[in-house]
Amino acid sequence: MRVMIFGCGYSGQAIANSYQAAGTVCGTARSAEKASQLTQAGINGFIFDGTEFSPELLAELKEITHLIQSIPPGKDGDPLLKLITGRLSALCPKLEWIGYLSTVGVYGDHGGGWVTEETPGSPILGRSIDRIDTEEAWTHEAEQAQVTVAVLRLSGIYGPGRNAFVNLARGTARRIIKKNQVFNRIRVEDIGEAALFLGHGRMRGIFNVTDDEPAPPQDVILEAARLMGVEPPPEHDFETAEMTPMARSFYGANKRVSNAKIKDAGFRFRFPNYHMSLEQLWRDGIWRG
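What counts as what
Residues numbered from 1 in each chain as written. Predicted model: local features only at pLDDT ≥ 70, side-chain atom pairs only at ≥ 80, totals over all residues. Heavy atoms only, no water. Disulfide = S-S within 2.5 Å. Buried < 20%, exposed > 50% of the residue type's maximum accessible area, 1.4 Å probe, protein only. Phe/Tyr/Trp six-rings, centres within 6.5 Å; stacked < 30°, edge-to-face > 60°. Helix = DSSP H or I, 4+ residues; strand = E, 2+ residues; numbered from the N terminus. Contact = heavy atoms within 4.5 Å. Core = buried A, V, L, I, M, F, W, Y, C linked by side-chain atoms within 4.5 Å.

1. Quick notes on the state of the cysteines
No. 1: As enumerated under the stated definition, the model contains zero disulfides in all.
No. 2: Sulfur of Cys-8: no disulfide; nearest cysteine sulfur belongs to Cys-26 and is 9.7 Å away.
No. 3: The exposure class of Cys-8 is buried, given its relative accessible area of 7%.
No. 4: The closest cysteine sulfur to the non-disulfide-bonded Cys-92 is located on Cys-26, 12 Å from its own sulfur.
No. 5: By relative accessible area, which is 4% here, Cys-92 ends up buried.

Pasting the structure below:
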């Protein structure tokens, strides 16, 4: 197994860590410095700024069996898709599986109701609309090249270095209260293991990669504060709280996301709920990253 992870950032490096025992792992970064950091971490680093493939990257693409696209679409769409459309078989003749990292934001707002992979996409934000289009484009491109593709729809990502403990320590944690609002979330390590599980089995289709327990965001802050032994921040009503337009927009989509499909396929989450996950981050002292 030889994998190339485009956009080897926070989630991409977790995926790389999961794949390292299974074969050769490569990843891209936008600068030479970050590519070198990947190489130092045991990931063969390549530079990719979204405009063209270097000769070294083109040579590596000839050998890969698994491709994971973690770069979100920009103003001009998916930068990788623009370069490989109609050329995937020629560029990657040994390719067997593609994993595309998407978001549960594509489901839009369901008033706190449950959604599954069968729920039609109804995104309310422009960036999520772009995701739906990109999912479909990757699926079409893979079918044309006769390559299996899986879409991993991710919920709110957290883990070492990115979590409620960090926000509390920095003084940036906020308890925003919006009645009946819930969110799903996912530990970054579980993203890595899910990508390996789907890639190893060359599975196709859409999979929600998310935890078992959609919950109000303020409850996560309270639990983290309890574990730290600190006073939680005060409550702020959503309607009157000072928030950036981006932060406020997240509260426009209220839903509970089911992960039954990937579990029925045989996958088991290491961190199925935020209670045990926060406890492990705190107990093992890895919350700082």
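2. Focus on the packing of aromatic side chains
No. 1: Using the criterion set out here, one finds 11 aromatic pairs in the structure.
No. 2: Taking the centre distance of 5.3 Å and the plane angle of 85° together, the rings of Phe-183 and Tyr-251 count as edge-to-face. Here the residue Phe-183 occupies a position in the loop between strand E9 (175–177) and strand E10 (185–187), and Tyr-251 occupies one in the loop between helix H10 (245–250) and strand E13 (256–257), the gap between them amounting to 68 residues. Accessibility classification places Phe-183 together with Tyr-251 in one group, the buried group.
No. 3: Members of the aromatic cluster, each reached through a chain of ring pairs, are Phe-6, Phe-48 and Phe-53.

3. Some remarks on the environment of Gly-121
No. 1: Considering the arrangement of structural elements, one finds Gly-121 in the loop between strand E6 (114–115) and helix H6 (126–144).
No. 2: Sequence separation between Gly-121 and Gly-229 is 108 residues; the distance between their C-alpha atoms is 41 Å.
No. 3: In this structure, Gly-121 is in contact with Val-106 and Ile-132, ignoring residues within four places of it in sequence.

4. Looking at unusual backbone geometry
The phi angle of most residues is negative, glycine excepted, and most peptide bonds adopt the trans form.
No. 1: Phi angles above zero are rare outside glycine, and Gln-146 is one such case at about 60°.
No. 2: Residue position: Gln-146 is located in the loop between H6 and strand E7 (148–154).
No. 3: Exposure remark for Gln-146: the relative accessible area of 75% places this residue in the exposed category.
No. 4: Here Arg-202, not a glycine, exhibits a phi torsion of approximately 50°, which is positive.
No. 5: Here Arg-202 is to be found in the loop between helix H8 (188–200) and strand E11 (205–209).

5. A closer look at the nonpolar core
No. 1: Ranked by internal contacts, the top residues of the largest apolar core, which has 28 residues, are Ile-5, Ile-15, Tyr-19, Ile-68, Leu-152, Val-209 and Ile-262.
No. 2: Elements represented by at least two residues in this core include exactly strand E1 (2–6), helix H1 (10–19), strand E2 (24–29), helix H2 (32–40), strand E5 (97–103), E7, H8 and E11.
No. 3: For this core, the leading source of residues is H8, giving five residues.
No. 4: Aside from chain neighbours lying at most four places away, what touches Ile-68 is Val-3, Met-4, Ile-5, Phe-6, Ile-15, Tyr-19, Trp-97, Gly-99, Leu-101 and Ala-195.
No. 5: Phe-53, Ile-64, Leu-88 and Ile-98 belong to the second largest nonpolar core, which has 27 residues in total.

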